[in-house]
Amino acid sequence: MSGTGAGTGAGAGTGVGGRGGARRRAVAGSRWWVAAVFLLPALVLLGALVVYPIGFSVYRSLFDASGNGFVGLGNYGAMFSDEGIRTALKNNVVWVVVAPTVSTALGLIFAVLTERVRWGTAFKLVVFMPMAISMLAAGIIFRLVYDQDPQRGVADAVWVAVHDTFAEPAPFPGAKPRPNADLRPSGGGSFTTRSVVRAGSSVRLPLVAVQPRDVRGAGPAVAARPRPGKVTGTAWLDFTRGGGGRPGVIDPGEKALAGLTVEAVKGGRVVASAVTAADGTYVLPAEAAGARLRLPAANFAAAYNGVDWLGPALVTPAIIGSYVWMWAGFAMVLIAAGLAGVPRELLEAARVDGAGEWQVFRRITVPLLAPVLVVVLVTLMINVLKIFDLVYIIAPGSSLRSANVLALQLFQSSFGTDVDEGLGSAIAVFLLVLVLPVMYVNLRRIRKERRR
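Here we summarise the structure given alongside this text.

Each value, and the rule that gives it
Residue numbers restart at each chain and count upward from 1, following the sequence in its written direction. It should be noted that, the model being predicted, local features are given only for residues of pLDDT at least 70 and side-chain atom pairs only at 80 or more, the latter also being counted only at that level, while totals for whole chains, interfaces and linings use all residues. Hydrogen atoms and water are omitted, and side-chain values are computed over all heavy atoms in the structure. Secondary structure follows DSSP: runs of H or I at least 4 residues long count as helices, runs of E at least 2 residues long count as strands, and numbering of each begins at the N terminus. N or O atoms closer than or at 3.5 Å make up a polar contact, with two conditions inside protein: a donor-capable atom paired with an acceptor-capable one, and, for residues adjacent in sequence, both atoms drawn from side chains. Contacts: residue pairs with any heavy atoms within 4.5 Å of one another. Distance thresholds for patches are 9 Å for like charges and 5 Å for nonpolar side chains (Val, Leu, Ile, Met, Phe, Trp, Tyr), applied to residues having over 30% relative accessible area and no salt bridge. Residue burial considers only the protein chains on display, and all accessible areas are found by Shrake-Rupley using a 1.4 Å probe. Salt bridge, as used here, is a side-chain nitrogen of Lys or Arg placed within 4 Å of a carboxyl oxygen of Asp or Glu. In this tally, Lys and Arg are treated as positive and Asp and Glu as negative; His is ignored, and so are the chain termini. Lysine's charge is taken at NZ, arginine's at CZ, aspartate's at CG and glutamate's at CD. Each residue is assigned to one of three classes by its accessible area relative to the maximum for its type, calculated with a 1.4 Å probe on protein chains only: buried under 20%, partly exposed between the two thresholds, exposed over 50%. Here, expected helix span is obtained from the residue count minus one, scaled by 1.5 Å. Two axes enter the bend calculation: one fitted to the seven residues ending at the residue in question, the other to the seven starting there, and the bend is the angle between them. For this analysis, a nonpolar core means a set of buried residues of the types Ala, Val, Leu, Ile, Met, Phe, Trp, Tyr and Cys, connected via side-chain atoms within 4.5 Å. Here, strands pair whenever DSSP counts at least two bridges between them.

**Observations regarding the side chain of Ser399**
Here Ser399 is to be found in the loop between helix 11 (389-394) and helix 12 (406-415). Side-chain polar atoms of Ser399 contact the backbone oxygen of Leu310, separated by 2.6 Å. Non-local contacts of Ser399, meaning those with residues more than four positions away in its chain, are made with Leu310, Gly311, Pro312 and Val315.

The following block contains the structure:
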């Protein structure tokens, strides 16, 4: 009986084990086919949109512009010998170093400060709002912001307003003496009389080419009367509306030039100076006798028009500024999410132990936020390597070569006027090689996070 029972039990156990193994195999088999069915569309799309283009780009980069002649690594050599591509590479280095760092730093500052104010949520909304704008729209906005005309460009309007607050603008920019007058150019934009003035004389200083807006509201010019021991005179706009005026003569209705600086120069040294009154007259002391009169260049300097933000020297920093405006909000939101998970007990304990706010920020907040900061920094670095639209839209034609980046050069080489798909493919492969180390760092960080 016992043997039969044992045999029966063994047989039963074998049957159960056999059915369990078959069931596991059946389940595993069904899971494999189900997984294959669900993954197939994704794998097809991945192969068609990622793997095939990468493989074809590598293949195409080994041929010349026509696609028929095999050149090996010749396109890669040409890429590093071309001046425009070298400029693009230098600009990419500046972009990768500056743009992600500044955006992450601003995001960190905004995230920390907005925790301390009541209207922090509204501030976060305003800072994050540029992320809702497309690169195309942002490029158009900042092309107008950086316009050099202060009447249109916001950046130059602010800059000119600040400049004019500390530096008085010229009263009559662009004005010059009437031809055949006693005044002659004396270098640097100033004008000096040919003859020496004498005490008791009256010297007239007729000017032309004065802008109508500079004499709007000006009163009529008055002929200065001679004074014993002094040098007098009148500066006026020697122009009569409708014609009929006499050159060098103060005709009725001709405008006075008030606020004009007149200097008496003797031996290369200014011995006296005066400013014209509302009626255009001026009076110099007796020291002016025997000197020549000079109208300094400060009277006629062109109006300050601000900074050429989109010139060759500043175009790349200006475009990086527009990028930071867009992406600082992205950095702020991610860092704020990480900051919400920082244990408040640690911060309070540090404050109780006597640590200042700067020490708490530097030694506790930043180290605890290091994983989030790395995520933001790596994400922005990958994004910056692909930057194209902002540069293409904001940079004017005259500065496009100075603002060039690899993605823009890739577009120009592949689809521009001088098409060379071999060179364009080489640039694309080079961009991929640049992105791979950043992706590797990101993947390692993700694996470490999973192990924790």
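Here the narrative resumes.
**Considering a positive patch on the surface**
On the surface, a cluster of positive charge is made up of Arg444, Arg447, Lys448, Arg450 and Arg451. Note on Lys448: relative accessible area 42%, which makes it partly exposed.

**Thoughts on helix 13 (residues 421-451)**
What sets the pattern is the α-helix's 3.6 residues per turn: residues three or four places apart point alike. With 31 residues, helix 13 extends 44 Å from end C-alpha to end C-alpha; this agrees with the ideal 45 Å at 1.5 Å per step. Roughly 25° is the biggest bend found in helix 13, and it falls at Leu436, with proline Pro437 one to four residues downstream. Buried within helix 13 we find Gly422, Leu423, Gly424, Ser425, Ala426, Ile427, Val429, Phe430, Leu431, Val435, Val438 and Asn442.

**Here we look at unusual backbone geometry**
The phi torsion at Asn180 lies on the positive side, around 70°, for a residue other than glycine. With respect to the element layout, Asn180 can be found in the loop between strand 1 (176-177) and strand 2 (183-185). If you check the backbone angles, Ala209 has positive phi at about 60° while not being a glycine. The residue Ala209 is located in the loop between strand 4 (202-208) and strand 5 (231-237) in this model. Classification of Ala209 by relative accessible area gives partly exposed; the value is 36%.

**Re the nonpolar core**
Soluble globular proteins tend to bury their nonpolar side chains together. In this structure, Trp95, Ile319, Tyr323 and Leu390 are the most contacted members of the largest nonpolar core, which totals 47 residues. Per element, the largest residue contribution to this core is 15 residues, and it comes from helix 7 (residues 315-340). Once residues within four sequence positions are removed from consideration, Ile319 is found in contact with Trp95, Leu390, Val391, Ile394, Ala395 and Ala403.

**Describing the pairing of strand 9 (residues 292-295)**
Here strand 9 shows a clear split, with Leu293 and Leu295 buried on one side and none of Arg292 and Arg294 buried on the other. The sheet contact formed by strand 6 (residues 261-266) and strand 9 spans three bridges and is antiparallel. Within the sheet, the bridge partner assigned to Ala264 lies in strand 9 and is Leu293.

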